[in-house]
Amino acid sequence: MGPIRVHEFISLDGVIDAPSWTFQFGFDPRMGEAIGRAMGGSDGILLGRTTYEMFAPTWSKRTVEEDPGAPFFNDTTKYVVSSTLTTPIWRNSEIIGAYDPKRIQQLKEDSAGGLYVSGSGTLVRALIADGLVDELHLFVYPVTRAAGPRLFDESLAPATWNRAGAEVYDNGVTYLHLTPAA
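Throughout what follows, the structure given in this document is the object of discussion. Since the model is a prediction, treat every value here as computed from it, not as a measurement. (Residues numbered from 1 in each chain as written. Predicted model: local features only at pLDDT ≥ 70, side-chain atom pairs only at ≥ 80, totals over all residues. Heavy atoms only, no water.)

Some details on the pattern of salt bridges
So, step 1. All chains considered together, the criterion is met by eleven salt bridges.
So, step 2. One salt bridge in this structure joins Arg150 and Asp13, with 3.6 Å as the shortest N-O distance. Pair noted here: Arg150 is in the loop between strand S6 (135-141) and strand S7 (161-168) and Asp13 is in the loop between strand S1 (4-11) and helix H1 (29-39), with a separation of 137 residues, a long-range link.
So, step 3. Relative accessible area serves as the criterion here: at 26%, Arg150 is assigned to the partly exposed category. (Salt bridge = Lys/Arg side-chain N within 4 Å of Asp/Glu carboxyl O. Helix = DSSP H or I, 4+ residues; strand = E, 2+ residues; numbered from the N terminus. Buried < 20%, exposed > 50% of the residue type's maximum accessible area, 1.4 Å probe, protein only.)

Re helix H2 (residues 49-59)
So, step 1. Restricting attention to buried positions, one finds in H2 the residues Thr51, Tyr52, Phe55, Ala56 and Trp59. Each buried residue of H2 lies within a common arc of 130° when the element is viewed along its axis, so the set occupies one face.
So, step 2. Looking at the buried positions of H2, the neighbouring elements they touch are strand S2 (44-48), helix H3 (70-75), strand S3 (78-81), strand S4 (93-97) and strand S5 (115-118). (Arc of directions from axis to C-beta. Contact = heavy atoms within 4.5 Å.)

Some points on helix H4 (residues 101-110)
So, step 1. All buried positions along H4 are accounted for by Ile104, Leu107 and Lys108. Summarising the axial view, the buried residues of H4 lie within an arc of 100°, below the 170-degree limit, and thus occupy one face. Across H4 from its buried face, at more than 90 degrees, point the exposed residues Lys102 and Asp110.
So, step 2. Buried positions along H4 lie against S1, S2, S3, S4, S5 and helix H5 (121-129).
So, step 3. Sitting at the amino-terminal end of H4 is Asp100, which places a side-chain oxygen 3.0 Å from the backbone nitrogen of Lys102. (Polar contact = N/O pair within 3.5 Å; in protein donor to acceptor, adjacent residues only side chain to side chain.)

Details of the nonpolar core
So, step 1. Ranked by internal contacts, the top residues of the largest apolar core, which has 28 residues, are Met31, Phe73, Trp90, Tyr116, Phe139, Tyr141 and Tyr169.
So, step 2. With five residues, H1 is the largest single contributor of residues to this core.
So, step 3. If sequence neighbours within four positions are ignored, Tyr141 has contacts with Phe9, Ile10, Ser11, Leu12, Trp21, Thr22, Phe25, Met31 and Val173.
So, step 4. Of all hydrophobic cores here, the second largest spans 24 residues; its members include Ile16, Val81, Leu115 and Ile128. (Core = buried A, V, L, I, M, F, W, Y, C linked by side-chain atoms within 4.5 Å.)

Some thoughts on the sheet that holds S3
So, step 1. Pairing is mixed across the open sheet formed by eight strands, whose spatial order is S4-S3-S2-S5-S1-S6-S8-S7. With partners counted over all chains shown, the strands left at the sheet margins are S4 and S7, one partner each. Looking at each pair of strands side by side, their axes are set apart by 25° on average, direction ignored.
So, step 2. Relative to S3, S2 runs parallel, the two being bridged by four bridges. (Pairing = 2+ DSSP bridges. Axes fitted to C-alpha atoms, helices over the stretch in contact; angles between N-to-C directions.)

Focus: the packing of aromatic side chains
So, step 1. Taken as a whole, this structure holds 13 aromatic pairs when the rule is applied.
So, step 2. Centroid distance Tyr52 to Trp90: 5.9 Å. Interplanar angle 35°. Geometry classified as tilted. Placement of the pair is Tyr52 in helix H2 and Trp90 in the loop between S3 and S4, with a sequence separation of 38 residues. Neither residue differs from the other here; Tyr52 and Trp90 are each classed as buried.
So, step 3. An aromatic cluster is defined as three or more aromatic residues linked by ring pairs; in this entry it consists of Phe9, Trp21, Phe25, Phe139, Tyr141, Tyr169 and Tyr175.
So, step 4. In this structure, Arg62 is placed above the aromatic ring of Trp59, and the distance from its NZ or CZ to the ring centre is 4.3 Å.
So, step 5. Directly above the aromatic system of Trp90 lies the positively charged group of Lys78, at a separation of 4.5 Å from the ring centroid. (Phe/Tyr/Trp six-rings, centres within 6.5 Å; stacked < 30°, edge-to-face > 60°. Lys NZ or Arg CZ within 6 Å of the ring centre and 35° of its normal.)

Concerning the pairing of S6
So, step 1. Most of S6 is tucked away, with seven of its seven residues classed as buried.
So, step 2. Of the two faces of S6, both are covered, the one formed by Glu135, His137, Phe139 and Tyr141 as well as the one formed by Leu136, Leu138 and Val140.
So, step 3. The pairing of S6 with strand S8 (residues 174-180) spans five bridges and is classified as antiparallel. Within S8, the residue paired with Leu136 across the bridge is Leu178.

Describing unusual backbone geometry
So, step 1. One non-glycine residue, Asn92, lies in the positive phi region at around 60°.
So, step 2. Among the secondary structure elements, Asn92 is positioned in the loop between S3 and S4.
So, step 3. Its identity as a non-glycine residue notwithstanding, Ser120 has a phi of 55°, on the positive side.

Encoded structure:
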């Protein structure tokens, strides 16, 4: 059984909406290394519908020359949680239906390397609520958004997380690798 690893770009006040607000900070190459570690070994990508629909047109056309993550995103099986999508628009994609924690647990058990999740806020909150997230990889940007969807909203019970790692980058971003407390 592999872990579920979640990667998010997040503001100081917890907002995780479409990350165009991160562009002003640039992308430190060490951030790419940390994201690579989060993806590393994963044999599946788990996405919610909105993130899937945002990623598909962009990632499906990227090459390794444009982005070293392109082969991972294009060649790895993508499991899409959606009650409305019926037909995949990106190769190696499987629509698994509405959120069902038992179905996600089965995917997790069938995965040797684990499942990688990026964005997908509604899905991630459900995974956290059901105790299915094994690792959070948060890239905390030194900005507040005041409004927008938050990773930890009022729907989630209070919880404690353990720091498994942390880094600070020259662009002001702080990386936190967290695991659920026992």
